[in-house]
Amino acid sequence: MKNFISNITSDKLAFRGFTISFLLILLTFAFTLISYSNLPPFVPIFNQLPWGNNRITSTPGIFIPTIVFAFIFFFNIIFTSLTYSKNPLIARIVAAVTIIIALLNFLFVIRTITAIA
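Below is a short write-up of the structure. (Residues numbered from 1 in each chain as written. Predicted model: local features only at pLDDT ≥ 70, side-chain atom pairs only at ≥ 80, totals over all residues. Heavy atoms only, no water.)

A look at the nonpolar core
The tendency in soluble globular proteins is for nonpolar side chains to be buried side by side. To be explicit about the condition: In these notes, a set of buried Ala, Val, Leu, Ile, Met, Phe, Trp, Tyr and Cys residues joined through side-chain atoms within 4.5 Å is what counts as a nonpolar core. Exposure is judged per residue with a 1.4 Å probe applied to protein chains only, and the accessible area is read against the type maximum: over 50% gives exposed, under 20% gives buried, and values in between give partly exposed. Going along the chain from the N terminus, every DSSP run of H or I of four or more residues is numbered as a helix, and every run of E of two or more is numbered as a strand.
Grouped together as the largest cluster of nonpolar side chains are 12 residues: Ile8, Ala14, Phe18, Leu24, Ile25, Phe69, Phe73, Ile77, Val94, Ala95, Ala102 and Phe106. Those elements that place two or more of their residues in this core are helix H2 (12–35), helix H3 (64–83) and helix H4 (88–116). Membership of the second largest hydrophobic core comes to seven residues, among which are Leu39, Ile45, Ile62 and Ile113.

This is how it looks when you write it as structure tokens:
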């Protein structure tokens with residue numbers, strides 16, 4: 001287990017990438033909790049679906065993007081830990097992609113909340 005964590009912490013770029021991503025998860029979650037009381041009973045989350053009731057979910061559905069990204073985040077950490085010793089470049093690329101996904105998730109949640117609140 002010690003080797004599992006030390007792979008990520010030994011590489012500064014990967015460690016900073018995952019740290020920034022984790023902070024963005026926390027920031028997204030905190031912003032959602034702060035704005036939760038101002039949200040209407042139904043929230044449009046599934047924007048790729050056609051107009052109608054399929055696009056909306058109840059208010060707790062605003063946490064869906066953050067929860068999905070948290071699973072992606074932990075999967076990427078495990079994947080990076082397992083592949084770092086074989087190819088450090090892959091670990092850095094995965095960390096960079098995780099930052100991008102975290103930022104896009106943060107922007108999606110903020111834009112959705114500010115558009116409907």
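Picking up where we left off.
A few points about the environment of isoleucine 110
If you trace the backbone, isoleucine 110 turns up in helix H4. For the pair isoleucine 110 and proline 60, spaced 50 residues apart in sequence, the C-alpha separation works out to 15 Å.

Some points on the packing of aromatic side chains
Convention followed: A pair of aromatic rings is counted whenever rings of Phe, Tyr or Trp (Trp by its six-membered ring) have centres within 6.5 Å, and the orientation is called stacked for planes under 30 degrees apart, edge-to-face for over 60 and tilted otherwise.
A full pass over the atoms with the stated rule returns seven aromatic pairs. Between phenylalanine 69 and phenylalanine 73 the ring centres are 6.3 Å apart and the planes differ by 45°, which places this aromatic pair in the tilted class. Of the two residues, phenylalanine 69 and phenylalanine 73 both sit in helix H3, four residues apart, roughly one turn of that helix. In this structure phenylalanine 69 comes out as buried when scored by relative accessible area, which is 2%. You can call phenylalanine 73 buried: its relative accessible area is 3%. Counting every residue linked through ring pairs, the aromatic cluster contains Phe18, Phe22, Phe69, Phe73 and Phe74.

Here we look at H4
Put simply, the rule reads: What a helix should span is 1.5 Å times the count of its residues minus one. Contacts are assigned to residue pairs that have any heavy atoms within 4.5 Å of one another.
Look at H4: 42 Å from first C-alpha to last across 29 residues, which is about the 42 Å you get at 1.5 Å a residue. Residues of H4 that are buried include every one of Ala91, Val94, Ala95, Thr98, Ala102, Asn105, Phe106, Val109, Thr112 and Ile113, and no others. Buried residues belonging to H4 abut H2, strand E1 (42–44) and H3.

Some thoughts on a nonpolar patch on the surface
Spelled out, the test is: Candidate patch residues must exceed 30% relative accessible area and have no salt bridge, after which like charges are joined if within 9 Å and Val, Leu, Ile, Met, Phe, Trp or Tyr side chains if within 5 Å. The accessible surface values rely on the Shrake-Rupley method and a 1.4 Å probe; as for residues, cover is taken only from the protein chains in view. Here, a salt bridge means any side-chain nitrogen of Lys or Arg that lies within 4 Å of a carboxyl oxygen of Asp or Glu.
A cluster of nonpolar residues, Phe46, Ile64, Val68 and Ile72, forms a patch on the protein surface that exposes about 290 Å² of accessible area. Within the secondary structure, isoleucine 64 is located in helix H3. We classify isoleucine 64 as partly exposed; its relative accessible area is 34%.

What about the pattern of salt bridges?
Across all of its chains, the model carries one salt bridge by this definition. In this structure, the salt-bridge partner of arginine 92 is aspartate 11, at a minimum N-O distance of 2.8 Å. Taken together, the residues arginine 92 in helix H4 and aspartate 11 in the loop between helix H1 (2–10) and H2 connect sequence positions 81 residues apart. A residue is classified by how much of its surface remains accessible, and aspartate 11, at 5% relative accessible area, is buried.

Notes on the packing of H2 against H4
Two quantities define a packed helix pair, namely the angle between the helix axes and the distance between the axes. For the record, the criterion: All axes here are fitted lines through C-alpha atoms, helices being fitted over the stretch that makes contact, and every angle between N-to-C directions spans 0 to 180 degrees. By the definition adopted for this analysis, an angle is roughly parallel if under 35 degrees, roughly antiparallel if over 145, roughly perpendicular if from 65 to 115, and oblique otherwise. A crossing counts as left-handed when the near helix is turned anticlockwise from the far one by less than a right angle, and as right-handed when that turn is clockwise. Following the grouping adopted for this structure description, the nonpolar residues are Ala, Val, Leu, Ile, Met, Phe, Trp, Tyr, Cys and Pro, the charged ones are Asp, Glu, Lys and Arg, and the polar ones are all others, Gly among them.
Between H2 and H4, the least distance of the axes is 8 Å, while the angle of their chain directions is 15°. What the angle tells us is that H2 and H4 run roughly parallel. Seen along the crossing, H2 lies across H4 with a hand that is left-handed. The residue inventory of the contact of H2 with H4, partitioned by class, reads 17 nonpolar, eight polar and one charged.

Geometric values such as these leave the question of function open.
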